[in-house]
Structures are given as structure tokens and as C-alpha cells.
Amino acid sequence: MHDEFLCHVTAYGVCGGQRIGVPLGTYRAPTLALALWWLRDRATWIAERLDPSPESAHFPASALTPVGESVPDVPATLRTWRDDVAHQDMVAEHLAAGRLIRVSTRDDTTEYELLAESVDALRMDRALPVLITPAAPPDSRRRQRPHPAPH
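Just so it is clear, the structure is predicted and the values come from calculations on it, not from any experiment.

Chemist: What is the right way to look at the packing of aromatic side chains in this model?
Modeler: The geometry of an aromatic ring pair is captured by the separation of the ring centres together with the interplanar angle, meaning the angle of the planes. Inspection of every chain in the model, using the stated rule, returns 1 aromatic pair. Seen from the ring of Y12, R19 lies directly overhead, with NZ or CZ sitting 4.1 Å from the centre.

Chemist: How should I be thinking about the sheet that holds strand β4 (residues 111-118) in this particular structure?
Modeler: The strands that make up a sheet pair up through hydrogen bonds in the backbone, lying either parallel or antiparallel. Taking strand neighbours across the sheet as the criterion, the 4 strands line up as β2-β1-β4-β3 in an open arrangement whose pairing is antiparallel. In this open sheet, the two strands that pair with only one neighbour each are β2 (18-29) and β3 (101-106). The sheet shows a mean angle of 15° between the axes of neighbouring strands, direction not considered. Examined bridge by bridge, strand β1 (residues 5-15) and β2 share 11 bridges and lie antiparallel to one another. Paired with C7 across the bridge in β2 is Y27. Contacting β1, β2 and β4, helix α1 (residues 32-50) crosses the sheet at an angle of about 25° to β1. Set on the sheet, helix α2 (residues 74-83) makes contact with β3 and β4; between it and β3 the angle comes to about 155°.

Chemist: In this structure, what is going on with the nonpolar core? I would like to understand it.
Modeler: A general tendency of soluble globular proteins is for nonpolar side chains to be buried together. Core analysis: the biggest nonpolar cluster contains 24 residues, and L32, L39, L95 and L114 have the highest contact counts within it. Counting residues per element, the ones that place at least two in this core are β1, α1, α2, α3 (85-96), β3 and β4. If you tally residues by element for this core, the top one is α1, at 7 residues.

Chemist: How do you make sense of the pairing of β4 when you look at a structure like this?
Modeler: Each regular strand carries side chains that alternate between the two faces of the sheet. Burial runs high along β4: 7 of the 8 residues are buried. As paired strands, β1 and β4 are joined by 8 bridges and run antiparallel to one another. Following the sheet pairing, T10 is matched in β4 by E113.

Chemist: Would you mind going over α3 with me for this structure?
Modeler: Since the α-helix advances by 3.6 residues per turn, residues separated by three or four positions end up pointing in the same direction. When the terminal C-alpha atoms of α3 are compared, their 16 Å separation across 12 residues agrees well with the 16 Å that a helix rising 1.5 Å per residue should span. Within α3, burial applies to Q88, V91, A92, L95 and A96. Buried residues of α3, seen end-on, are gathered within an arc of 130° and therefore sit on one face of the element. Exposed side chains of α3 directed beyond 90 degrees from the buried face belong to A86 and E93. Looking at the buried positions of α3, the neighbouring elements they touch are β1, α1, α2, β3 and β4. The backbone nitrogen of A86 has a side-chain oxygen 3.3 Å away, supplied by the residue at the start of α3, namely D84. After α3 finishes, the residue G98 shows a positive phi value of roughly 90°.

Quick notes on the rules
- Residues numbered from 1 in each chain as written.
- Predicted model: local features only at pLDDT ≥ 70, side-chain atom pairs only at ≥ 80, totals over all residues.
- Heavy atoms only, no water.
- Phe/Tyr/Trp six-rings, centres within 6.5 Å; stacked < 30°, edge-to-face > 60°.
- Lys NZ or Arg CZ within 6 Å of the ring centre and 35° of its normal.
- Pairing = 2+ DSSP bridges.
- Helix = DSSP H or I, 4+ residues; strand = E, 2+ residues; numbered from the N terminus.
- Axes fitted to C-alpha atoms, helices over the stretch in contact; angles between N-to-C directions.
- Contact = heavy atoms within 4.5 Å.
- Core = buried A, V, L, I, M, F, W, Y, C linked by side-chain atoms within 4.5 Å.
- Buried < 20%, exposed > 50% of the residue type's maximum accessible area, 1.4 Å probe, protein only.
- Expected span 1.5 Å × (residues − 1).
- Arc of directions from axis to C-beta.
- Polar contact = N/O pair within 3.5 Å; in protein donor to acceptor, adjacent residues only side chain to side chain.

Any link to function would need more than the numbers given here.
Written out as C-alpha cells, the structure reads:
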């Protein structure tokens, strides 16, 4: 069982022709339950900012307008992921086993990514010996190939 988890939320977009990541939050969770809670909370946080409730007192009447049917519904995707109990159990199992969890969704301009990984798994990966062996240096003594004699 892994005891500590590093969680990240990032938004990616294109600026000046380059893909740019903007960190939206990082949390070092001392327990699996807190890591899962934080990821669900961040999913809600993003969804509420992209698709706030029209009844909210923070918005004047007619300030919000619906988007077209062809626009991917990132808030709905994040809320569905957050509320899927069976999927959350699977996420917990994967994190507890030391696997990286990545949840990603996008609309027409931005990709939203939630990541979580075990701090213990990160430490173990760094402690593993390198499995790539360096190539042997080229032999300075090149073998000469005989040239065929002309007929």
C-alpha cells in the first residue's frame, strides 16, 4: 500500500503556436482518501468555473449563454468522472498499487488534466538501476574489405 500521493491539475492550450501548460494546483496528499478527495474537488472546481449554475447570485440575468451542441462538454465529463463510484474505486486501486492516474478532457481550446501518483512509486522508480547499457565505442581498427579483382 502506498501512503503518500502527489496530485496535479494543469490546463493546456496553444499560445504563439506552442503548447503551454498552466498549473492549476498541486497537492501532496498524506493518504489515498485525501488524494481522491482532492482530485474530485478539483474536477468540481474546474466544472463550476466553466459551467456555473445560472441561478447563482454572482451573475446578472442573461450573462450566461449556452454553447453549441458541437462543443465538447468538459464540465459534464468532469462531473460524470467525479460521480462514478465504480470508476473511483478503480482509480483508488490503481493508485494504491503505485500506478499513475491521469484524467484528461478537452474542449475546442483547452485540455484539462488531473494527475496523481504515489510518492513511494516515484522514489522506487528513481532507485531502479538504469536498464540501458551504453553502446560499445566504435572499433578504431576498421577491417579492410578486399576489393574484387577486375575480370
